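The residues making up each chain are set out below.
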Amino acid sequence: MAIADQTERGADTTRSGVEKLRAYVMNGTWVAGDKLPTQADLCAELGVSRSVLREAMASLKAEGLLTSRQGAGVFVGKQSPSPFRLAGDDLDQIPGILNLLELRAAVEIEAAGLAAMRRTTEQADMIRAAWGRIEDAIDDPEGSIAADREFHLAVARASGNPRFEEFLGYLRDLLIPRQQVRVQADPSVGHSGYLRMLQREHGEIEQAIRIGDAVEARAAMRRHLIDGAQRYRRWAEDATATTTSVV
């Protein structure tokens, strides 16, 4: 199966999980204040994996439809008449991805710095473990994308500010088309080569956070996201030049 097809299948699975959970809230099956069933029960009921369920719940938390209470579980939140939403109709195109990368940079650079200052030993280990899962999934498009998102969420979680994780939890479903667009723009590099390039950048972020270097953590995250934006611009320019030359 082609990389783009596997990536799209993963995106569809996550979106399906989000919509199933949202339907429970919006149709009154669950009401404000209700405690959600256990993850095991929800996975069985929805027919999804734990990773997909976590992504779906994070998206709904970012919308305010679900809320976590420390030590108590996840509950249905009060519904807002106009929850914050980002239109995702241009995120399979380079301009939309560039806009999103700029938004992520504004949030994740500071999150990385705070993580370096505040992270616990356990959180540092979780970031390292997330890095390792990307490494293990180098040849698995769907698995590597999920692991990549978990890495960035682990960094946000280590910032000590839950709003960073909630915000990225909302964004991460919109980031899924990234690999599909990249392969279409520049198929010569290949999925594995692209991921190994990203892994070097992830490793710099992880190391800076582990040793508590907030300045370098911010700089490493900036390089990671800004370099990503520059890569997309270059691929777009190359694709345009190739199309023009053929015509």
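For clarity, every value in this text was computed on a predicted model and none was experimentally measured.

Asks: I keep staring at the overall build of the protein and nothing clicks. Help me out?
Replies: Per the secondary structure count, the protein includes 10 helices and 2 strands. Listed N to C, the secondary structure of the protein is α-α-α-β-β-α-α-α-α-α-α-α in terms of helices and strands. In the protein, which comprises 247 residues, the share counted as buried stands at 47%. A separation of at least 24 residues holds for 71% of the contacts in the protein among residues at least 6 apart in sequence. Of the roughly 12000 Å² that the protein leaves accessible, carbon and sulfur atoms contribute 52%.

Asks: Please clarify how the nonpolar core should be interpreted in this entry.
Replies: When a protein is soluble and globular, its nonpolar side chains tend to lie buried together. The biggest cluster of nonpolar side chains holds 32 residues, and the ones touching the most others in it are Ile127, Phe151, Val155, Ile205, Ile209, Met221 and Tyr232. When residues of this core are traced back to their parent elements, those giving at least two are helix H4 (94-118), helix H5 (121-136), helix H6 (141-158), helix H9 (191-211) and helix H10 (214-246). A per-element tally of this core places H4 first, with 9 residues. Beyond its immediate chain neighbours, meaning those up to four positions away, Val155 contacts Ala111, Ala112, Ala115, Ile127, Ile205, Ile209 and Met221. Leu42, Val52, Ala56 and Leu65 belong to the second-largest nonpolar core, a separate cluster that totals 19 residues.

Asks: Would you explain the packing of aromatic side chains in this entry?
Replies: Centre-to-centre distance and the angle between the planes together describe a pair of aromatic rings. Taken as a whole and judged by the stated rule, the model has 1 aromatic pair. In this structure, Arg128 is placed above the aromatic ring of Trp131, and the distance from its NZ or CZ to the ring centre is 4.5 Å.

Asks: Looking at this model, I keep getting lost on H5. Mind explaining?
Replies: Counted at 1.5 Å a residue, the expected span for H5 with its 16 residues is 22 Å, and the 22 Å between its end C-alpha atoms agrees. All of the buried residues in H5 are Ala124, Ile127, Ala130, Trp131 and Ile134. One side of H5 carries all its buried residues, which in axial view fall inside an arc of 120°. Turned more than 90 degrees from where H5 packs its buried face, Thr121, Glu122 and Asp136 sit exposed.

Asks: Sorry if this is basic, but what is going on with the pairing of strand E1 (residues 66-69) here?
Replies: Every other side chain in a regular strand lies on the same face of the sheet, so the side chains alternate between the two faces. Strand direction decides the pairing type here: E1 and strand E2 (residues 73-76), joined by 4 bridges, are antiparallel. Pairing of Leu66 across the sheet is with Val76, part of E2. Between the antiparallel neighbours E1 and E2 lie 3 residues, among them Gly71 with a positive phi of about 80°.

Asks: Honestly, the pattern of salt bridges in this entry has me stumped. Any pointers?
Replies: Pairing between side chains of opposite charge can happen when their charged atoms approach one another. Inspection of the entire model under this criterion finds 11 salt bridges. When the shortest N-O distance is used, the salt bridge between Glu166 and Arg163 registers 2.9 Å. With a gap of 3 residues between them, Glu166 and Arg163 both fall in helix H7 (residues 162-171), about one helical turn apart. Note that Arg223 is salt-bridged to Glu216, the shortest N-O span being 2.6 Å. Overlapping salt bridges bring together Asp125, Arg128, Glu206 and Arg210 as one network.

The rules behind each value
- Just so you know, the residues in each chain are numbered from 1, in the order the chain's sequence is written.
- Per-residue local features are limited, in this predicted model, to residues with pLDDT of at least 70; the limit for side-chain atom pairs, both in listing and counting, is 80 or more; totals at the level of whole chains, interfaces and linings are taken over all residues.
- Side-chain metrics in this entry use all non-hydrogen atoms of the structure; hydrogen atoms and water are not considered.
- Under the scheme used here, helices are H or I runs from DSSP no shorter than 4 residues and strands are E runs no shorter than 2 residues, and both carry numbers assigned from the N terminus.
- Type-normalised accessible area, obtained with a 1.4 Å probe on protein chains alone, sets the label of each residue: buried when under 20%, exposed when over 50%, and partly exposed for intermediate values.
- Note on definitions: a residue-residue contact is assigned when non-hydrogen atoms from the two residues lie within 4.5 Å.
- Note on areas: Shrake-Rupley with a 1.4 Å probe; residue coverage comes only from the protein chains shown.
- Joining through side-chain atoms within 4.5 Å is the link that ties buried Ala, Val, Leu, Ile, Met, Phe, Trp, Tyr and Cys residues into a set, and such a set is a nonpolar core.
- Stacked, tilted and edge-to-face are the three classes applied to pairs of Phe, Tyr and Trp rings, where Trp contributes its six-membered ring and a pair requires centres within 6.5 Å; stacked means planes under 30 degrees apart, edge-to-face means over 60, and tilted covers the rest.
- Distance and angle both matter: a charge sits over a ring if NZ of Lys or CZ of Arg is within 6 Å of the ring centre and within 35 degrees of the ring normal.
- The length a helix should cover is 1.5 Å for every residue beyond the first.
- Here the arc refers to the directions that run from the helix axis out to each C-beta atom.
- Here the rule is simple: two strands pair whenever DSSP picks up at least two bridges between them.
- Here, a salt bridge means any Lys or Arg side-chain nitrogen found within 4 Å of an Asp or Glu carboxyl oxygen.

Limitation: the analysis is restricted to geometry and does not speak to function.
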